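Observations on the three-dimensional arrangement
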Amino acid sequence: MTAGAAPTAPLLVVRDLVKHYHATGLFRESTRPIRAVDGVSFEVGRGETLALVGESGCGKSSVGRTILRLQEPTSGTAVFDGIELFPLDRKELRRLRRRMQIIFQDPYSSLNPRMTIGAAVAEGLEIHRLAPRKDIPARVNALLEEVGLDSSYARRYPHEFSGGQRQRIGIARALAVQPAFIVCDEPVSALDVSVQAQVLNLLSDLQRERGLSYLFIAHDLAVVRQIARRVAVMYLGRIVEEGPTEALLSRPRHPYTVALLSAVPEPDPARQRSRIVLGGDLPSPSNPPSGCPFHPRCFHPRRNERCSVEVPRLRPVGSTTAACHYAEDTPLPEQPKIP
Amino acid sequence: MTRVLEVGNLRVSFPGENGRRYCPVDGVSFTLDRGETMALVGESGCGKSLTSLALVRLIPPPGRVDPKSVIHLGDTDVMALQGEGLRRIRGRRVGMIFQDPMTSLNPVFTAGDQIGEAIRAHFPVSRAEARERSLRLLQEVGIPDAAARLDAYPHQLSGGMRQRVMIAIALAAEPEILVADEPTTALDVTVQAQILEVLDRLRASRGMAVLLITHDLGIVAGRADRVAVMYAGQIVEEAPTPELFARPSHPYTQGLFASVPRIHGPVKRLTPIAGSVPPPADWPAGCRFRPRCPKAFDKCTQAPPPLVVGPQHDMRCWLAEGGQ
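Rules behind the numbers
Residues numbered from 1 in each chain as written. Chains lettered and ligands numbered in written order. Predicted model: local features only at pLDDT ≥ 70, side-chain atom pairs only at ≥ 80, totals over all residues. Heavy atoms only, no water. Helix = DSSP H or I, 4+ residues; strand = E, 2+ residues; numbered from the N terminus. Buried < 20%, exposed > 50% of the residue type's maximum accessible area, 1.4 Å probe, protein only. Areas by Shrake-Rupley, 256 points an atom, 1.4 Å probe, with all protein chains shown as cover. Pairing = 2+ DSSP bridges. Contact = heavy atoms within 4.5 Å. Axes fitted to C-alpha atoms, helices over the stretch in contact; angles between N-to-C directions. Salt bridge = Lys/Arg side-chain N within 4 Å of Asp/Glu carboxyl O. Polar contact = N/O pair within 3.5 Å; in protein donor to acceptor, adjacent residues only side chain to side chain. Nonpolar A, V, L, I, M, F, W, Y, C, P; charged D, E, K, R; others polar.

**Digging into the overall build of chain A**
On a plain count of helices and strands, chain A comes out with ten helices and twelve strands. Structurally, chain A occupies a C-alpha span of about 70 × 50 × 50 Å along its principal axes. Counting across all 339 residues of chain A, residues that qualify as buried make up 54%. If you sum the accessible surface of chain A, you get close to 14,900 Å²; carbon and sulfur atoms cover 49% of it.

Have a look at this one:
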């Protein structure tokens, strides 16, 4: 497949992505759609990592799955290396999936328990006919070694491996087809800290060596800081703030980013700052608040009626872009004001 | 300080292959005072959850608590209790909350029913009185609009609200000790902050002792008075929280700290601990951390290091003995 866009253009451009789910079935309570993703736009550069951060139900996983067409989008566009993704038919899509892969939080549930590790890693090579049959075992061994596994593991089965090893297997599978872009959907969330660090280092190394682009979906800002130079924060299906990671963490402009940052538990007793404990729960994405989706839980001193009426647009403030009417005056985490 | 719990040389064993028994908890000792929060920190399989279950002898057979273990709950010798005697301390004197509130709550009863049941299991009160107390408990754990939530079923509550209901159930019997086993691991960070806030407030207002079991050093830093780090069934390091964080001394503890990504300071490449935690059947002779330890030397293969007790800071490592 030939690249359809100039090498300096972003690898992936997503515009106004919308994904609504419709509850159906016996226990259906309403016909109101669940607005999982509600107009999201972003770009991922070549060899770059964009982190998509947010809490459960903010729509971050739906974004990743919709781009890969594992779920069909409701509307919007996604252009990968000059190719429009959403109009593609099955055959074209299969060809493109060679270049776009995904790794999941729990690789165990995506590995066939009756298939050896070698067969699982070889699958992609066979489907896309990327190597002559006789070369496949050698390719599999090389892939296993590249992700830090012993090549003799190829003959073993998924249940014989620990969580960290399974995640490495998942990564080897994704790499087999030599993709340019990988959606990493909470790849280290289920791992113990010592193993989490191993996998984060591996992902960084692979990115450098292979020039990969990642869409890194996570809920942990400290993990994101380790792996991504740009970050987008999602709340109720929308990006509420986006920017360079260091700028966003040192001077967050959206009150939700401020709260999220202040809630990160920090392993340093000297750094225990006063936390902003948000009131209430995440509203239902089937019935989001009017105006700013964050306004019912917002602690911004300038919050007023405008916030419940007018949806704030993402606009540049300082070094990031933020969707808050009063982003210029958002209080810092060190001086929290609890409502 | 009133001592509410003393655990000495606690061992939990399970039958393994060819008639051998292995010990996922192997000689754990610690104490807990009234109003104190102690954290047991470690990765999956280190034995921290089994330790907490063993406190009230809830180890499922064929596992068993070694009869020579010491568990004193105030003046009560837990190892000497049986049947009804054990039932009277479970919940009543030691309350427990777990990681996943959905699996601990019964989906066909309301929150109020389940809190009321816990109250009536321990106190001879009427249904109306139990409902009244349930309402007060829900308010105490910070559930907004508590009167309405009393009649809510678990599926109608968010994860954070369910965990609050679980805390209310645990509090119903007014326990001296609350064991919180990864209470916020399944929750989002902003909700986690709320739940930790509630636990801390209750500890202060009720003078409860809290045993916080977690894998997350970040949670410990702001909440616990003391920390014990577990590895392969044993406490490898224990100290007051500020001391442990200022001077992590065991190579495993140091490895954990170097593995954690930080939100402040320069971004450096993480230095993970090599390998992974071996299962109890594969624990090596000598020091159990040796195969993964960057500082291991000859002595570490020869004999298991003892727990060296310092004035403030205990550690199970031959380095504490001054090397050779």
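**A look at the sheet that holds strand β13 (residues 314–315) of chain B**
Residue and element names in this part refer to chain B. Ordered in space as β7-β8-β9-β3-β10-β11-β13-β12, the eight strands form an open sheet in which the pairing is mixed. Each end of this open sheet is capped by a strand with a single partner; those strands are β7 (94–97) and β12 (308–309). By the bridge criterion, five bridges tie strand β8 (residues 177–181) to strand β9 (residues 209–214) in an arrangement that is parallel. The residue bridging Leu 178 from the neighbouring strand is Val 210, located in β9. Where helix α7 (residues 159–172) meets the sheet, it contacts β7 and β8, and its direction lies at approximately 170° from that of β7.

**Considerations on the interface of chain B and chain A**
Taken together, the contacts link 42 residues of chain B with 40 residues of chain A. The tally of links from chain B across to chain A stands at one salt bridge. Asp 205 of chain A serves as the salt-bridge partner of Arg 269 of chain B, at 2.9 Å between the closest nitrogen and oxygen. Along the contact surface separating chain B from chain A lie 15 residue pairs in polar contact (both at pLDDT 80 or more). When contributions to the side of chain B that touches chain A are tallied by element, the ones reaching two or more residues are α8 (189–206), α9 (217–223), α10 (241–246) and α11 (251–259) of chain B. Among the elements that line the side of chain B that touches chain A, the one with the most residues is α8 of chain B, at seven residues. Taken together, the residues of the side of chain B that touches chain A break down into 20 nonpolar, 13 polar and nine charged.

**Looking at the pairing of strand β3 (residues 49–53) of chain A**
Residue and element names in this part refer to chain A. For β3, the tally of buried residues reaches five of five residues, placing the bulk of the element in the interior. Residue alternation in β3 divides its side chains into two sets, Thr 49, Ala 51 and Val 53 and Leu 50 and Leu 52, and both sets are buried. Alignment of β3 against strand β8 (residues 213–218), held across five bridges, turns out to be parallel. Pairing of Ala 51 across the sheet is with Phe 216, part of β8. Bridging between β3 and strand β9 (residues 230–235) involves four bridges; their strand directions are parallel. Following the sheet pairing, Val 53 is matched in β9 by Val 233.

Everything listed is a geometric property; what it means functionally is a separate question.
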